[in-house]
There are 2 protein chains.
Amino acid sequence: MAKLRLYVDRMSQPSRAVLIFCLVNNIEFEEHTIRLNKGEHKRAEYKAINPLGLVPAIDDGGFKLYESHAILRYLVAVNPGVPDHWYPADMSRRAQVDCILDWHHTNLRRGAAGLIMNQVLAPSLGLQLNPNGSAEAESILKSSLMKLETIWLTGSNKFLGNARQPSIADLSLACELKQLQLLDEHAISTLLGPWAKVRSWLSAVENTTAPHFADVHLHLQYVSKRFKERRHQEKSEQRNITLPAAISAQNSKL
Amino acid sequence: MAKLRLYVDRMSQPSRAVLIFCLVNNIEFEEHTIRLNKGEHKRAEYKAINPLGLVPAIDDGGFKLYESHAILRYLVAVNPGVPDHWYPADMSRRAQVDCILDWHHTNLRRGAAGLIMNQVLAPSLGLQLNPNGSAEAESILKSSLMKLETIWLTGSNKFLGNARQPSIADLSLACELKQLQLLDEHAISTLLGPWAKVRSWLSAVENTTAPHFADVHLHLQYVSKRFKERRHQEKSEQRNITLPAAISAQNSKL
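About the thresholds
Residues numbered from 1 in each chain as written. Chains lettered and ligands numbered in written order. Predicted model: local features only at pLDDT ≥ 70, side-chain atom pairs only at ≥ 80, totals over all residues. Heavy atoms only, no water. Least-squares fit on C-alpha atoms with pLDDT ≥ 70 in both. Contact = heavy atoms within 4.5 Å. Helix = DSSP H or I, 4+ residues; strand = E, 2+ residues; numbered from the N terminus. Buried < 20%, exposed > 50% of the residue type's maximum accessible area, 1.4 Å probe, protein only. Pairing = 2+ DSSP bridges. Axes fitted to C-alpha atoms, helices over the stretch in contact; angles between N-to-C directions. Parallel < 35°, antiparallel > 145°, perpendicular 65-115°, else oblique. Nonpolar A, V, L, I, M, F, W, Y, C, P; charged D, E, K, R; others polar. Buried area = accessible area lost by both parts, 1.4 Å probe. Salt bridge = Lys/Arg side-chain N within 4 Å of Asp/Glu carboxyl O. Polar contact = N/O pair within 3.5 Å; in protein donor to acceptor, adjacent residues only side chain to side chain.

S.K.: Explain the relation of the copies chain B and chain A here, please?
M.R.: When chain B is fitted to chain A, the best match, at an RMSD of 0.0 Å, comes from turning it 180° and sliding it 0.0 Å along the axis. On this basis, the relationship between the two copies can be described by a two-fold rotation axis. In this assembly the copies share their binding face: 100% of the residues contributing to the interface of chain B also contribute to that of chain A.

This is the structure in structure tokens:
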């Protein structure tokens, strides 16, 4: 039987969630990179796989599927060896996971992805940075982090919905939050600082899925480092511009 | 066993989807109305049921659940008598329904609900109408209607994903679109006019779930009529203001 094909870009957080899920659960796959910054997701050959022109998508022996949450649910269904905690068979526990996954779309995802897009990534995708979009997304993100801490992470167990082991909801939401490393350090600590349970949960997801979580995030980490260097360089250049101007102003007073 | 409790407002489209699903499938329930325009969803007693402060929510013998798609999936799971087409057991067909449900959140829902909120409903919920938010939502809605017609409604069968009978995705998306009747007739025909398959699909969902679809939408229809009358009255008042001004202008020329 043909191996499962994953169409992904490791800069996309739902792509990373699907990749990590397969690696953790020993599901064999071929990784096909669709470079978002080259516009490969908008090309006709890719739209034949996913007409929405988004990543991730899968091709499982001819069956094509997109939307990461649908993919994760499907991968559980067709791989009976996947441990139950990822998407519990118990109806109430499964419903709780579904509830968190559904909530995610218009809350944490809209906030985090909107902020990163409008504040950091837009230019590399040929779009303009949008301060209004960024402010709206930041407000949604802050409200979502508060709900994550006070609704989904109550109870004595480590994972979302007071579960003892991670579900596909933990993986999806953790990959979403992990992209915040593209912001500067002050912004990250302002956003995550107030939420101890969120930070501890994020570490728990990383540790439980080690080494795959960190491995799949290596590319993001590399890009994050480059953004940091660029910000540092821009600050130095501003200082160099400011310093002669200050000297010149001082001289004019003499 | 305690009857299923539904916490809903018939002005909320996901509330209507859950109500219609229960009526069509003879699932017994008690309807508890949580009036959004009275702020009842923000009260402490309701937040004990749904801490997110949104409708719909359910209480099934003590198990509380929110997010309409999660509720619909759960109601299928706990009611084995529900016909398979609503959420097929077949893994690929179920994945297709999941894919459409997931897509819905940030596309058709964000567009339609955003437009109606920012253009019509905000004042009745104590909020201001927002022209920028309305324009953004309209653009998302137009793009979503195009995708609905060209991606989800291709194939010879009537329902989403080329299905012969409706799924919970059809019900959720149809209730979303049905709220467009709150707009004026010109706006509705501009939005839906280009999409023959969407219009025909909407009728098919209404007919297949008759008489419940129409019954549950009666309140929306009533509110829609009131908005129409108000718009008509405002136009008459504008004419009455404009007419004396025109006569006065004419007189000044004599």
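S.K.: Sorry if this is basic, but what is going on with the side chain of Gln-13 of chain B here?
M.R.: As for its placement among the helices and strands, Gln-13 of chain B is situated in helix H1 (residues 13-24). Setting aside anything within four residues of it in sequence, one finds Gln-13 of chain B in contact with Arg-109, Ala-113, Cys-175, Glu-176 and Gln-179 of chain B.

S.K.: Quick question: what am I supposed to make of the environment of Ser-15 of chain B here?
M.R.: Residue and element names in this part refer to chain B. Mapped onto the fold, Ser-15 is located in helix H1. Accessibility expressed as a relative area gives 0% for Ser-15, which makes it buried. Sequence separation between Ser-15 and Arg-35 is 20 residues; the distance between their C-alpha atoms is 12 Å. Residues contacting Ser-15, with those up to four places away along its chain left out, are Val-8, Asp-9, Val-55 and Pro-56.

S.K.: What's the story with the sheet that holds strand E3 (residues 57-60) of chain A in this structure? I'm lost.
M.R.: Through backbone hydrogen bonds, the strands of a sheet pair up, either in parallel or in antiparallel fashion. All names here are of chain A. Pairing in this open sheet of 4 strands is mixed, and the strands run E2-E1-E3-E4 from one edge to the other. The open sheet has two edge strands with one neighbour each: strand E2 (29-33) and strand E4 (63-66). Strand-to-strand, the axes of this sheet are offset by a mean angle of 20°, without reference to chain direction. As judged from the 3 bridges shared by strand E1 (residues 4-8) and E3, these two strands associate in the antiparallel manner. Following the sheet pairing, Leu-6 is matched in E3 by Ile-58. Those strands touched by helix H3 (residues 68-78) are E1, E3 and E4, and its axis lies near 135° from that of E4.

S.K.: What is the right way to look at the pairing of E2 of chain A in this model?
M.R.: Successive side chains on a regular strand alternate, one facing one side of the sheet and the next facing the other. As paired elements, E1 of chain A and E2 of chain A share 5 bridges and run parallel to each other. Residue pairing in the sheet places Leu-6 of chain A in a bridge with Glu-31 of chain A of E2 of chain A.

S.K.: Whenever I open this one, the packing of helix H1 (residues 13-24) of chain A against H3 of chain A confuses me. Can you help?
M.R.: Helix-helix packing is characterised by the crossing angle of the two axes and by the distance between the axes. All names here are of chain A. Orientation of H1 relative to H3, taken along the N-to-C sense of each, is 10°, at an axis distance of 9 Å. By the angle class used here, H1 and H3 are roughly parallel. Here Pro-14, Ala-17, Val-18, Phe-21 and Cys-22 of H1 lie close against H3, whose contacting residues are Ser-68, Ile-71, Leu-72, Leu-75 and Val-76. Classifying every residue of the contact of H1 with H3 gives 9 nonpolar, 1 polar and no charged.

S.K.: I'm lost on the packing of helix H4 (residues 91-106) of chain B against helix H5 (residues 108-121) of chain B in this one. Help?
M.R.: Residue and element names in this part refer to chain B. Following both chains from N to C, one finds H4 and H5 inclined at 40°, their axes separated by 3 Å at the closest point. Here Trp-103, His-104, His-105 and Thr-106 of H4 lie close against H5, whose contacting residues are Leu-108, Arg-109 and Arg-110. Here the contact of H4 with H5 is composed, by residue class, of 2 nonpolar, 3 polar and 2 charged.

S.K.: I would appreciate a short explanation of the sheet that holds strand E1 (residues 4-8) of chain B in the present structure.
M.R.: Residue and element names in this part refer to chain B. Spatial strand order, E2-E1-E3-E4: 4 strands in an open sheet with mixed pairing. The open sheet has two edge strands, strand E2 (29-33) and strand E4 (63-66), and neither has a second partner. Strand after strand, the sheet turns through a mean of 20° between neighbouring axes, direction not considered. Bridge count between strand E3 (residues 57-60) and E4: 4 bridges; the pairing is antiparallel.

S.K.: Hey, could you run me through the interface of chain B and chain A in this one?
M.R.: Many authors give the size of an interface as the accessible area that is lost as the parts come together. The partner chain A presents 26 residues to the 26 residues of chain B that form the contact. Both sides of the chain B and chain A interface together cover about 2,400 Å² of buried area, and 69% of this is carbon and sulfur. Of all residues in chain B, Leu-52, Met-91 and Asp-102 of chain B give up the largest surface area on contact with chain A, accounting jointly for 20% of the area buried on that side. Remark: the boundary between chain B and chain A carries 2 salt bridges. Inspection of the region where chain B meets chain A yields 6 residue pairs in polar contact (both at pLDDT 80 or more). When contributions to the side of chain B that touches chain A are tallied by element, the ones reaching two or more residues are E4, helix H3 (68-78), H4 and helix H6 (131-152) of chain B. Ranked by residues supplied to the side of chain B that touches chain A, first place goes to H4 of chain B with 10 residues.

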